[in-house]
Amino acid sequence: YCYDVVSPYAYLGLHSLQKVRPTWKHELILRPVLLGGILKESGNPPPPTVPNKFRFVQTDVARRAKGLDLPFQFPASFPPRTVTPMRLLTTVGNSAEAKQLEALTGILFHKMFADGVDLNDLDVLRDACRELEGVSETEVSHWMDSIDAPHTKEQLVVSTGDAVKRGAFGAP
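Quick caveat: nothing in here was measured; it's all calculated off a predicted structure.

> What is the right way to look at the environment of G37 in this model?
The residue G37 is located in helix α2 (residues 35-42) in this model. Sequence separation between G37 and V83 is 46 residues, and the spatial gap between their C-alpha atoms is 10 Å.

Printed below as a string of structure tokens:
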């Protein structure tokens, strides 16, 4: 599941997949990517740059969130840059159990689309990591320190490129 926490459709999609998971026999593998990179490489303009498209997205996402009984609001400054939170998710995905990556992804989606919180605030990201069950302060510090590591940056770029090569033009 290729996603970026800036995508309201990825927020709704992950929630939907989690709801139906008990009925299927597939493993859910989360792959953090940069939606902006996918849009650029695929030639797909971001919805906020196309007024009619963005009006539709706003209405459609709100209706779908209501149908899923999910709290939803667009953050005040949408779309925000999500390089920092996506690097955090990349490093968590490298060093933690899949359930921790999924839990942190859910926390960040909620902060973005239910609470309207700025995910570029490092204190917000650190506190989100601390919400994870069974995670030590040492692990949180390691993850935060790895956000700007060259291997984290490179892996996120590669994951984004791989998604485009597989035909992605958005997220999910």
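> Before we go on, may I ask you to explain the layout of surface pockets in this structure?
One water molecule sets the probe size; rolling that probe over the atoms shows where empty space is left. Estimated volume of the largest pocket: approximately 590 Å³. Every residue lining the largest pocket is counted, 31 residues in all, and those nearest its centre are V6, L35, L39, P46 and P47. Listed by contribution, the elements that provide at least two residues to the lining of the largest pocket are α1 (8-20), α2 and α3 (51-67). When grouped by side-chain class, the residues that make up the lining of the largest pocket number 21 nonpolar, 7 polar and 3 charged.

> I tried to follow unusual backbone geometry on my own but got confused; where do I start?
A negative phi angle is the norm for most residues apart from glycine, just as the trans form is the norm for most peptide bonds. Here the bond from F78 into P79 is cis, since omega is 0°, no more than 30 degrees from zero. Relative to the elements of secondary structure, P79 occurs in the loop between α3 and α4 (83-95). Put simply, A171 and P172 share a cis peptide bond, and its omega is 5°. Along the polypeptide, P172 turns up in the segment after α8 (150-165). Of note in the backbone geometry, D69 takes a positive phi value of approximately 60° without being a glycine. The class for D69 is exposed, based on a relative accessible area of 70%.

> I keep staring at the nonpolar core and nothing clicks. Help me out?
If you look at the biggest cluster of nonpolar residues, it comprises 46 residues, and the most contacted ones within it are Y3, V5, L88 and L104. Those elements giving two or more residues to this core turn out to be α1, α2, α3, α4, α5 (98-113), α6 (122-130) and α7 (137-146). At 7 residues, α5 tops the list of elements feeding residues into this core. Those residues in contact with L88 that sit more than four places away from it in its chain are L104, L125, C129, W143, M144 and I147.

> Where do I start with the packing of aromatic side chains in this structure?
The description of two aromatic rings rests on the distance between their centres and on the angle between their planes. A complete count under the given rule lists 12 aromatic pairs for this structure. Judged by centre distance (6.1 Å) and plane angle (50°), the ring pair of Y3 and F109 falls under tilted. With a gap of 106 residues between them, Y3 in strand β1 (residues 2-3) and F109 in helix α5 connect regions that are remote in the sequence. For F109, a relative accessible area of 1% puts it in the buried group.

> Can you help me understand the packing of α4 against α5 in this one?
Between two packed helices, the angle of one axis relative to the other and the distance separating the axes together describe the packing. The geometry of α4 relative to α5 is characterised by a closest axis approach of 9 Å and an angle of 160° between their N-to-C directions. By the angle between their axes, α4 is roughly antiparallel relative to α5. Where α4 crosses over α5, the two elements pack in a sense that is right-handed. Counting all contacts with α4, which are made through P85, L88, L89, V92 and G93, the residues of α5 involved are Q100, L101, L104, T105 and L108. The residue makeup of the contact of α4 with α5, split by class, is 7 nonpolar, 3 polar and no charged.

> Can you walk me through the pattern of salt bridges in this structure?
Under the definition given, this model contains 8 salt bridges. With a shortest N-O distance of 2.9 Å, D60 and R64 are connected by a salt bridge. In this pair, D60 and R64 both sit in helix α3, 4 residues apart, roughly one turn of the helix. For D60, a relative accessible area of 3% gives the class buried. The exposure class of R64 is partly exposed, given its relative accessible area of 45%. One connected set of salt bridges, linked through shared partners, spans D60, R63 and R64.

The rules behind these values
Residues numbered from 1 in each chain as written. Predicted model: local features only at pLDDT ≥ 70, side-chain atom pairs only at ≥ 80, totals over all residues. Heavy atoms only, no water. Helix = DSSP H or I, 4+ residues; strand = E, 2+ residues; numbered from the N terminus. 1 Å grid on protein atoms, 1.4 Å probe; cavity = no way out; pocket = protein on both sides within 12 Å on 5 of 7 lines; lining within 4 Å. Points joined across faces, edges and corners; volume = space filled by probe spheres on them. Nonpolar A, V, L, I, M, F, W, Y, C, P; charged D, E, K, R; others polar. Buried < 20%, exposed > 50% of the residue type's maximum accessible area, 1.4 Å probe, protein only. Core = buried A, V, L, I, M, F, W, Y, C linked by side-chain atoms within 4.5 Å. Contact = heavy atoms within 4.5 Å. Phe/Tyr/Trp six-rings, centres within 6.5 Å; stacked < 30°, edge-to-face > 60°. Axes fitted to C-alpha atoms, helices over the stretch in contact; angles between N-to-C directions. Parallel < 35°, antiparallel > 145°, perpendicular 65-115°, else oblique. Left-handed = near helix turned anticlockwise from the far one by under 90°. Salt bridge = Lys/Arg side-chain N within 4 Å of Asp/Glu carboxyl O.

All quantities given are derived from atomic positions and should not be read as evidence of function.
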